[in-house]
Number of protein chains: 2
Amino acid sequence: MTDKSEIEEGLTFAPQFGADGLITAVATDAKTGEVLMVAHMNAEAVAKTIETGEAWYYSRSRKQLWKKGETSGHVQRVAELRVDCDQDAVWLRVEQVGRGACHTGRRSCFYRAVPLGKAGAVRLEFRNADKAFDPQAVYNKPTK
Amino acid sequence: MTDKSEIEEGLTFAPQFGADGLITAVATDAKTGEVLMVAHMNAEAVAKTIETGEAWYYSRSRKQLWKKGETSGHVQRVAELRVDCDQDAVWLRVEQVGRGACHTGRRSCFYRAVPLGKAGAVRLEFRNADKAFDPQAVYNKPTK
């Protein structure tokens, strides 16, 4: 489906995957509105998320489908899934199971702020950057 | 800067623009946490957003820098700007000036929900889809 008005005003779900086969996915905490992470989905990740009610993504670096939390146990239960006007981005309102969404051990991937009003080189400032879990312990489990 | 640990744990702002020169930008309402829109920024859009405290993006379809609200007057005042772990996405918590962020006339671009738990073809459902403003009147102003 490529008709612009149908994509924007219609009720047919027709995700507009890019040349790389992906759309952008934003996950927010369903209760607080905090943005937990930004990732990508291919068609299979979209289908599995809809079918299971849990978040699946596509890893651009590993070039594979992944279920959020498959290693860490930190799955995301989807309270609501929305699509944007041009259907190239989705918004997941989720219940984040476990202590965090970020592979660095934080609850959110967005743990640094960019100060505003300055030109030139920018120094970031930590925000809610305490580790919620130990990524070494969670991701580097001994193999069976 | 390409050192992974410095990108993730350091305080140097080093946005990791993709092959297309862009990073992903998510704008949420600073008060409600609602996702208003997902867009993209090139280096100039990032710099102008930091300098001015108002949101600038890069339009992939028009292939040009744009200040949000330059036509509609619906500018976004940035309350906080954050960057994610791998510095390829930013989150803007904004005060949305005017009645909406979406070019279709809605407050948010995410005015349709995708029902969960079903396989196969999906019918969207409207959510908060009432027009907050008339896009014809706002965008198609008579030329001087």
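Scroll up for the structure.
Now for a description of the structure that goes with this document. (Residues numbered from 1 in each chain as written. Chains lettered and ligands numbered in written order. Predicted model: local features only at pLDDT ≥ 70, side-chain atom pairs only at ≥ 80, totals over all residues. Heavy atoms only, no water.)

The next point concerns the relation of the copies chain B and chain A. Rotating chain B by 180 degrees and moving it 0.0 Å along the rotation axis overlays it on chain A with an RMSD of 0.0 Å. The transformation just described matches what one would write down for a two-fold rotation axis. When each C-alpha of chain B is compared by its distance to the rotation axis, B:Gly33 comes out closest, at 2.1 Å. Of all interface residues in chain B, 100% are interface residues in chain A too; the two copies therefore contact each other through one and the same surface. (Least-squares fit on C-alpha atoms with pLDDT ≥ 70 in both. Contact = heavy atoms within 4.5 Å.)

In this assembly, 55 residues from chain B lie in contact with 55 residues from chain A. Three residues stand out in chain B for area buried against chain A, namely B:Leu11, B:Phe110 and B:Arg112, and they jointly supply 16% of the buried area on that side. Taken together, the connections running from chain B to chain A amount to eight salt bridges. With its nearest N and O atoms 3.0 Å apart, the salt bridge here joins B:Glu80 to A:Arg127. (Buried area = accessible area lost by both parts, 1.4 Å probe. Salt bridge = Lys/Arg side-chain N within 4 Å of Asp/Glu carboxyl O.)

A few words now on the pairing of strand 5 (residues 76-83) of chain A. Summarising burial for strand 5 of chain A: six of the eight residues are buried, a large majority. Across seven bridges, the pairing between strand 5 of chain A and strand 6 (residues 89-96) of chain A is antiparallel. In the strand pairing of strand 6 of chain A, A:Val83 is matched with A:Val90. Two strands pair when backbone bridges link them, and strand 5 of chain A and strand 7 (residues 112-113) of chain B are joined in this way by two bridges, in the antiparallel orientation. Note on strand 7 of chain B: the bridge partner recorded for A:Arg82 is B:Ala113. (Buried < 20%, exposed > 50% of the residue type's maximum accessible area, 1.4 Å probe, protein only. Helix = DSSP H or I, 4+ residues; strand = E, 2+ residues; numbered from the N terminus. Pairing = 2+ DSSP bridges.)

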